[in-house]
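Examining the three-dimensional arrangement
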Amino acid sequence: MNVSQTSSGWSRSMAGSRSTAGLSGSRQISPSLVAELIGLLNERDRIMCASADRTYALPKEMYLRIMQIQEMLHREVGRNDPCPCQSGLKYKKCCGREY
């Protein structure tokens, strides 16, 4: 949020607010998280290609981890929420820090 003084008083601009955050914003994504997702998706593709018919079964843990990472990458994160990179820090102190 930007604050500026005008002739009629103080005004606030919500540029870069939480509602506009997303993958297209300035949010940084942990490279290790992306690498893990790519590895899981490659393994899923190998399982798909190895199946003789059109059906295949993924291990439950693999499926759940893929869904968990994809949800982390797509959700909107507030400044005071835990960082999606799982560093244990708040988002504003970790990946949400403006340089």
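In this text, all values refer to a predicted model and were calculated from it rather than measured experimentally.

How each quantity is defined
Residues numbered from 1 in each chain as written. Predicted model: local features only at pLDDT ≥ 70, side-chain atom pairs only at ≥ 80, totals over all residues. Heavy atoms only, no water. Patch = residues over 30% accessible without salt bridge, like charges linked within 9 Å, V, L, I, M, F, W, Y side chains within 5 Å. Areas by Shrake-Rupley, 256 points an atom, 1.4 Å probe, with all protein chains shown as cover. Salt bridge = Lys/Arg side-chain N within 4 Å of Asp/Glu carboxyl O. Helix = DSSP H or I, 4+ residues; strand = E, 2+ residues; numbered from the N terminus. Buried < 20%, exposed > 50% of the residue type's maximum accessible area, 1.4 Å probe, protein only. Contact = heavy atoms within 4.5 Å.

1. Some words on a nonpolar patch on the surface
Nonpolar side chains collect at one region of the surface, where Ile29, Val34 and Ile38 lie side by side and expose about 210 Å² of accessible area between them. Looking at the element boundaries, isoleucine 38 is found in helix α1 (residues 31–50). A relative accessible area of 46% means that isoleucine 38 is categorised as partly exposed.

2. Overview of the pattern of salt bridges
Within this structure, the stated rule accounts for three salt bridges. The partner of arginine 65 in a salt bridge is glutamate 36, and the shortest N-O contact between them spans 2.8 Å. Pair noted here: arginine 65 is in helix α2 (residues 60–74) and glutamate 36 is in helix α1, with a separation of 29 residues, a long-range link. For glutamate 43, the salt bridge identified is with arginine 46, shortest N-O distance 3.0 Å. Of this pair, glutamate 43 and arginine 46 both sit in helix α1, three residues apart, roughly one helical turn. Residue glutamate 43 is classed as partly exposed on the basis of its relative accessible area, which comes to 30%.

3. Quick look at the environment of leucine 40
Structurally, the position occupied by leucine 40 is in helix α1. Separated by 23 residues in the primary sequence, leucine 40 and tyrosine 63 place their C-alpha atoms 8.8 Å from one another. Leave out the neighbours within four places in its chain, and leucine 40 touches Met62, Arg65, Ile66 and Ile69.

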